[in-house]
Amino acid sequence: MNYQDVLDFWFAPDHTNFWFAKDSLFDDEIRTQFSTVHQQATQAELWSWRQTVEGRLAEIIVLDQFSRNLYRDQAQAFAQDSMALALAQEAITQQLDAQLSPEQRSFLYMPFMHSESKLIHEFALKLFQKLGNEINLSFEKKHKVIIDQFGRYPHRNAILGRQSTPEELEFLTQPNSHF
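Model, not experiment: these values are computed from the prediction. (Residues numbered from 1 in each chain as written. Predicted model: local features only at pLDDT ≥ 70, side-chain atom pairs only at ≥ 80, totals over all residues. Heavy atoms only, no water.)

### Remarks on helix H7 (residues 134-150)
Right, on to step 1. In this model, H7 (17 residues) spans 24 Å end to end at C-alpha, consistent with the 24 Å of a helix rising 1.5 Å per residue.
Right, on to step 2. Contact partners of the buried residues in H7: helix H5 (102-114), helix H6 (118-131) and helix H9 (166-171).
Right, on to step 3. Taking the backbone nitrogen of isoleucine 135 as reference, a side-chain oxygen 2.9 Å away marks asparagine 133 as the first, capping residue of H7. (Helix = DSSP H or I, 4+ residues; strand = E, 2+ residues; numbered from the N terminus. Expected span 1.5 Å × (residues − 1). Contact = heavy atoms within 4.5 Å. Polar contact = N/O pair within 3.5 Å; in protein donor to acceptor, adjacent residues only side chain to side chain.)

Written as structure tokens, this is what we have:
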């Protein structure tokens, strides 16, 4: 399998409706087609893909997005976030993101949105503003508010074995408190 297989799958028109939805059949499809690639990515074995910006994007999608599908509601869903973020940061530092379409860039930037760092969200806000997609920008703003308030995503606490504060528990009863 090569990185183009990942991109063709992820950006297929009939898959866009599943990007941010919980769907066990879509999760199973990713598991069937990409479990081996995901394992390779988690062991940094796909480094040759980084020779192109498209390959780097595919590796980020595998680490950031596929992890969430493969390990939904499990701690492993977030285990590759740091590596995906580092790859995205390098791409931006090298200005490789400019070579991607806006839709592709949104997934290159997604590890910033998934971060639990206030500093990273300051930069994420700028990235999504520059991207010009109002939907993505709106979601980044919502994510940033949560990080600014709590320093982490309270909806991850139970999955990650973290103790929630009373304020976080109250927040979790509110609409739109889970992503």
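### Concerning the packing of aromatic side chains
Right, on to step 1. Taken as a whole, this structure holds 17 aromatic pairs when the rule is applied.
Right, on to step 2. Relative to phenylalanine 107, the ring of tryptophan 19 has its centre 4.7 Å away and its plane inclined at 75°; by these criteria the two rings are edge-to-face. Here tryptophan 19, found in the loop between helix H1 (3-10) and helix H2 (24-42), pairs with phenylalanine 107, found in helix H5; they are 88 residues apart in sequence, far enough to count as distant. One exposure class covers both tryptophan 19 and phenylalanine 107, and it is buried.
Right, on to step 3. On the basis of an interplanar angle of 45° and a centroid distance of 4.9 Å, the ring pair of phenylalanine 34 and phenylalanine 66 is categorised as tilted. Here phenylalanine 34 is found in helix H2, whereas its partner phenylalanine 66 is found in helix H3 (residues 53-70), with 32 residues between them in sequence.
Right, on to step 4. Residue classification places phenylalanine 66 among the buried residues on the basis of a relative accessible area of 0%.
Right, on to step 5. Feature note: the residues Phe9, Trp10, Phe11, Phe18, Trp19, Phe20, Phe26, Phe34, Phe66 and Phe107 constitute an aromatic cluster, connected by ring pairs.
Right, on to step 6. In this structure, lysine 142 packs its charged tip against the face of phenylalanine 139, placed 5.1 Å from the ring centre. (Phe/Tyr/Trp six-rings, centres within 6.5 Å; stacked < 30°, edge-to-face > 60°. Buried < 20%, exposed > 50% of the residue type's maximum accessible area, 1.4 Å probe, protein only. Lys NZ or Arg CZ within 6 Å of the ring centre and 35° of its normal.)

### A closer look at the pattern of salt bridges
Right, on to step 1. Counting across every chain of the model gives twelve salt bridges.
Right, on to step 2. Taking the shortest distance from any N to any O, the salt bridge between glutamate 59 and arginine 50 comes out at 2.7 Å.
Right, on to step 3. Connected via shared salt-bridge partners are Asp64, Arg68, Asp81 and Arg156. (Salt bridge = Lys/Arg side-chain N within 4 Å of Asp/Glu carboxyl O.)

### Here we look at the packing of H2 against H3
Right, on to step 1. For the pair H2 and H3, the least separation of the axes is 9 Å and the interaxial angle reads 130°. By the criterion of interaxial angle, the relationship of H2 to H3 is oblique. The crossing of H2 and H3 is left-handed. Here H2 contributes Phe26, Asp27, Ile30, Arg31, Phe34, Ser35, Val37, His38, Ala41 and Thr42 to the contact with H3, which in turn contributes Glu59, Val62, Leu63, Phe66, Ser67, Asn69 and Leu70.
Right, on to step 2. Tallied by class, residues from the contact of H2 with H3 come to nine nonpolar, five polar and three charged. (Axes fitted to C-alpha atoms, helices over the stretch in contact; angles between N-to-C directions. Parallel < 35°, antiparallel > 145°, perpendicular 65-115°, else oblique. Left-handed = near helix turned anticlockwise from the far one by under 90°. Nonpolar A, V, L, I, M, F, W, Y, C, P; charged D, E, K, R; others polar.)

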